[in-house]
Amino acid sequence: MTSPKEDGVLSELQMSPDQMLDLARRAAELVVQRIHELPGEAAWRGGSRSELEPLMREDPPEEGRPAMEVLERAAREILPVAGRVDHPRFFAFVPSSPTWPGVLADFMAAGHNIFQGTWLGASGPSQLEVVVLDWFRDWIGYPETAGGLFTSGGSAASLDGFVAAREAAGHPERATVYMSDQSHTALSRAATIVGIRPHCVREVKSDAQFRMDMAELRRMIAEDRAAGFSPIAICANAGTTNTGAVDPLADIADYCEAEGIWLHVDAAYGGFAILTDTGKALFRGLERADSIAMDAHKWLFQPFEAGCLMVKDVRKLEEAFSVHPEYLQDTQWGTDHPNFGDRGLQLSRSFRALKVWMSIQTFGMAAFRRAVGNGIELAAQADAYIRASTTIQIANPASLGIVCFRVNPVDMDVDVETLERVNKAVQARIIGENVAMMSSTRLRGLYSLRLCILNHTTTWTDVRETLETIERFGREALEG
Ligand SMILES: *Cc1c(COP(=O)(O)O)cnc(C)c1O
């Protein structure tokens, strides 16, 4: 028999303040040490299931163990066996390099156990989420009617955006959505989740610069309308994951306005480039989108998870999502007091806006602008370096921190198959010999290496040494 907790004694799941502090200090020490030593470590570590099973497989213990031992084990055996996405030479996929105040904000939000689903549940945090979203609104150039919410990431943000688009269109029977062949697969998946039939998720081909082909878009929509389909959304990219391409946003906005179709922009990785002059120029027309997905855990230097959906008329988001069950009847404080649970999928939500707020308060906008600019600038420098090289060749010009290239010496005549084999071997050696973490892609079917440089701690030395080593490995692979 279990007897209920007695007055004045800690529950079996509580700790004394001294013990809590000891553990928190040790946890902080371990994380600070990890971050401090990161540049000298490999940019990636991983392990196969068969390697990791014996280390971690066990039944949950019936009796607890010393907390310090558990903490040390997590820090030694589990957490390091992962990509170090914040390593200055982690150039793969889309890197993320959080600031320390952002990391602490997640700890603070968890420690205060904020339930950010209703205004009643978290008034201060809800007010702050409104404030931070209004910062984003102003950066985008959105009107005062705009609003949004923080989400787990870009996938969730686009999913919520599609629900709003579908409802705004009156949830038609034969709905279609349009995205370019460069769009992130998160978007086709989101479309599928909101009930768009797979054959109604239309892939528009991209042009030579990997931008959505407008003529093709017009043709497809005219055809679909004639065949009785109802286009409910066009998704444009403000930074594709492959090459950093930006679709012709202003042209697509014109077209969407004329046709009465919702414009959703996937700016998950690229969006915060809006803080720089380069980004502002590239994103002309962004402010005309009906909804925009952006990831603060990518180019706004926050820890996972920090996605965001912004909607030009936030009422459309609330119309799509708000629910009023009797058990939440006490939470209606009126339109000035948003219940963020009424703007998306999640009711129980963590307080993600705090990390953005704490880090921007601490470092200031000027530092953030320069940090975003660092990535754009380094990718441009890499582009110039590659163009001057006789061993590597540009596959696509630098855009928004991404540059694609391949080993292809000017003085050698190498067939496509050999090039693919050599480039794959070079990539494997770069990772295997702990030079950097780098991923690859295919551009028009051709294998390409790719650097995505978004980290505020990355320097030109990191990029240059990586490129020099790629050149050397490439020569060795071809000549050796
Ligand atoms: C990362 C990314 C996504 C997916 O966002 P998550 O935060 O991983 O859910 C979607 N689109 C683009 C362009 C991205 O870079």
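Here the structure is a predicted model, which is why all the values come from computation and not from measurement. Residue indices follow the written sequence of each chain, beginning from 1 at its first position. With the structure being a predicted model, the display of local features is reserved for residues of pLDDT at least 70 and the display and counting of side-chain atom pairs for 80 or more, all residues being used for whole-chain, interface and lining totals. Note that the side-chain values use all heavy atoms of the structure and ignore hydrogens as well as water.

A.B. asks: Now, about the nonpolar core: what can you tell me, with residues and values included?
C.D. replies: Residues enter a nonpolar core if they are buried and are Ala, Val, Leu, Ile, Met, Phe, Trp, Tyr or Cys, with the set joined through side-chain atoms within 4.5 Å. We call a residue buried when its accessible area falls under 20% of the maximum for its residue type, exposed when it is over 50%, and partly exposed in between, using a 1.4 Å probe and counting protein chains only. By size, the foremost hydrophobic cluster in this structure holds 96 residues, and its most contacted members are Phe136, Ile234, Val265 and Trp299. An automatic or database domain assignment is the source of the domain bounds shown. Three or more residues apiece are contributed to this core by two domains, here domain 2 (115–363) and domain 3 (367–479). The contact definition used throughout considers only heavy atoms, calling two residues in contact when any of these lie within 4.5 Å. Residue contacts for tryptophan 299: discarding those within four places in its chain leaves Tyr269, Gly270, Phe272, Ala273, Val372, Gly375, Ile376, Leu400, Gly401 and Leu454. Of all hydrophobic cores here, the second largest spans 27 residues; its members include Ile392, Leu419, Ala436 and Ile453.

A.B. asks: Before we move on, could you go through the environment of valine 246 and cite the residues and values that matter?
C.D. replies: Within the secondary structure layout, valine 246 lies in the loop between strand E4 (230–237) and helix H9 (249–259). Of the residues examined, valine 246 reaches a relative accessible area of 6% and is grouped as buried. On a C-alpha basis, the gap between valine 246 and alanine 267 in space is 9.2 Å, while along the polypeptide they are 21 residues apart. Residues in contact with valine 246, not counting those within four places in the same chain, are Arg211, Asn237, Ala238, Gly239, Leu282, Phe283 and Leu400. Only DSSP runs of H or I covering at least 4 residues are called helices, and only runs of E covering at least 2 are called strands; the numbering of each starts at the N terminus.

A.B. asks: Describe in detail the pattern of salt bridges, supporting the description with residues and values.
C.D. replies: Counted as salt bridges are all cases of a side-chain nitrogen of Lys or Arg within 4 Å of a carboxyl oxygen of Asp or Glu. If you walk through the whole model with that rule in mind, you get 39 salt bridges. Arginine 26 is paired through a salt bridge with glutamate 29; the nearest N and O atoms lie 2.6 Å apart. Here arginine 26 and its partner glutamate 29 are both found in helix H1 (residues 17–37), 3 residues apart, which amounts to about one turn of the helix. On the basis of relative accessibility, which here comes to 23%, the residue arginine 26 falls in the partly exposed class. Between glutamate 167 and arginine 166 there is a salt bridge whose closest N-O contact spans 3.0 Å. A relative accessible area of 15% places arginine 166 in the buried class.

A.B. asks: Account for the site of the ligand, naming residues and giving values.
C.D. replies: Residues are counted as near a molecule or strand when any one of their heavy atoms sits within 4 Å of it. As a matter of local geometry, the ligand sits amid Gly153, Gly154, Ser155, His184, Gly239, Thr241, Asp266, Ala268, Tyr269, Asp295, His297 and Lys298. Each polar contact in these results corresponds to two N or O atoms within 3.5 Å; when the atoms are within protein, one needs to be able to donate a hydrogen and the other to accept it, and residues that are neighboring in sequence are counted only if both atoms are side-chain atoms. Aspartate 266 is positioned such that a nitrogen or oxygen atom in its side chain is 2.6 Å from a nitrogen atom of the ligand. Here histidine 297 contributes a side-chain N or O atom positioned 3.0 Å from an oxygen atom of the ligand. For the ligand, whose unbound accessible area comes to 380 Å², protein coverage reaches 85%. To measure how exposed things are, a 1.4 Å probe is used in the Shrake-Rupley method; for residues, cover is taken only from the protein chains shown.

A.B. asks: Outline the pairing of strand E2 (residues 175–180), supporting the account with residue identities and numerical values.
C.D. replies: Along E2, 6 of the 6 residues are buried, which leaves the element largely enclosed by surrounding structure. Of the two faces of E2, the one holding Ala175, Val177 and Met179 and the one holding Thr176, Tyr178 and Ser180 are both buried throughout. Across 4 bridges, E2 lies against E4 in parallel orientation. Within E4, the position partnered with alanine 175 by the bridge is serine 230. Inspection of the sheet shows E2 paired to strand E3 (residues 201–204) by 4 bridges, in the parallel sense. The pairing criterion is simple: DSSP has to find at least two bridges between the two strands.

A.B. asks: Can you break down a nonpolar patch on the surface residue by residue, with the values?
C.D. replies: Exposure above 30% relative accessible area and the lack of any salt bridge qualify a residue for a patch; like charges then connect within 9 Å, and the nonpolar side chains Val, Leu, Ile, Met, Phe, Trp and Tyr within 5 Å. A surface patch of nonpolar side chains, about 590 Å² in accessible area, is lined by Val31, Val32, Ile35, Trp100, Leu104, Phe107 and Met108. Elements with a minimum of two residues in the nonpolar patch: H1 and helix H4 (100–111). If you tally residues by element for the nonpolar patch, the top one is H4, at 4 residues. Secondary-structure assignment places isoleucine 35 in helix H1. When its relative accessible area of 37% is taken as the criterion, isoleucine 35 is described as partly exposed.

A.B. asks: Can you tell me about the domain arrangement of the protein chain, naming the residues and giving the values?
C.D. replies: When cut into domains, the protein chain gives domain 1 (19–84), domain 2 (115–363) and domain 3 (367–479). Averaged C-alpha coordinates put domain 1 and domain 3 at centres separated by 32 Å.

A.B. asks: Run through the packing of aromatic side chains, naming residues and quoting values.
C.D. replies: Working definition: a ring pair exists when centres of Phe, Tyr or Trp rings (six-membered ring for Trp) sit within 6.5 Å. Plane angles under 30 degrees give stacked, over 60 give edge-to-face, the rest tilted. Applying the stated criterion across every chain, the model contains 7 aromatic pairs. On the numbers, 6.2 Å between centres and 80° between planes, the contact of tryptophan 139 with phenylalanine 272 is edge-to-face. Residue tryptophan 139 is located in helix H5 (residues 123–140), and its partner phenylalanine 272 is located in the loop between strand E5 (262–267) and helix H10 (277–282); the two are separated by 133 residues in the primary sequence. For phenylalanine 272, a relative accessible area of 0% puts it in the buried group. The cationic tip of arginine 202 hangs over the ring face of phenylalanine 229; the distance from NZ or CZ to the ring centre is 5.0 Å. Here, a charge over a ring means that NZ of Lys or CZ of Arg falls within 6 Å of the ring centre while also lying within 35 degrees of the ring normal. The ring of phenylalanine 473 carries the charged tip of arginine 429 above its face, separated from the ring centre by 3.7 Å.

A.B. asks: I'd like a rundown of helix H15 (residues 416–432), residues and numbers included.
C.D. replies: To estimate the expected span of a helix, subtract one from its residue number and multiply by 1.5 Å. Taking 1.5 Å per residue as the helical rise, H15 with its 17 residues ought to reach 24 Å, and the 24 Å between its terminal C-alpha atoms agrees with that figure. Along H15, the positions that sit buried rather than exposed are Thr418, Leu419, Glu420, Val422, Asn423, Val426, Gln427, Ile430 and Ile431. Looking at the packing, one finds that the buried side of H15 touches strand E9 (402–407), strand E10 (439–443), strand E11 (446–452) and helix H16 (460–479). Its side-chain oxygen at 3.2 Å from the backbone nitrogen of glutamate 417, aspartate 415 defines the N-terminal cap of H15. One or two positions beyond H15, positive phi appears at asparagine 434, with a value near 55°.

A.B. asks: Requested: an account of the sheet that holds strand E7 (residues 307–311), with residues and values cited.
C.D. replies: Taken in spatial order, the 7 strands line up as E1-E7-E6-E5-E4-E2-E3 in an open sheet, and their pairing is mixed. Bordering the open sheet on either side are strand E1 (147–151) and E3, each of which pairs with just one other strand. Ignoring which end each strand starts from, the neighbouring axes of this sheet average 20° apart. An axis is simply a line fitted to the C-alpha atoms; with a helix, the fit covers only the stretch in contact. Between two such axes, the angle follows the N-to-C directions and lies from 0 to 180 degrees. Contacts between helix H7 (residues 185–193) and the sheet are confined to E2, E3, E4 and E5, with E2 contributing the most and set at about 175° to the helix.

A.B. asks: Got a sec to walk through the packing of H5 against helix H13 (residues 353–363)? Specific residues and values, please.
C.D. replies: Any two packed helices are characterised by the angle at which their axes cross and by the distance between the axes. The N-to-C vectors of H5 and H13 enclose an angle of 65°; their axes lie 9 Å apart at closest approach. As judged from the angle between their axes, H5 and H13 are roughly perpendicular. Handedness of the crossing formed by H5 with H13: left-handed. Contacts from Leu128, Glu129, Val132, Trp135, Phe136 and Trp139 in H5 reach Ala353, Leu354, Val356, Trp357, Ile360 and Gln361 in H13. Looking at the contact of H5 with H13 residue by residue, the classes come out as 10 nonpolar, 1 polar and 1 charged. Roughly parallel refers to an angle under 35 degrees, roughly antiparallel to one over 145, roughly perpendicular to one between 65 and 115, and oblique to any angle outside these ranges. By definition, turning the near helix anticlockwise from the far helix through less than a right angle yields a left-handed crossing, and turning it clockwise yields a right-handed one. For this classification, the nonpolar set comprises Ala, Val, Leu, Ile, Met, Phe, Trp, Tyr, Cys and Pro, the charged set comprises Asp, Glu, Lys and Arg, and every other residue, Gly included, is treated as polar.

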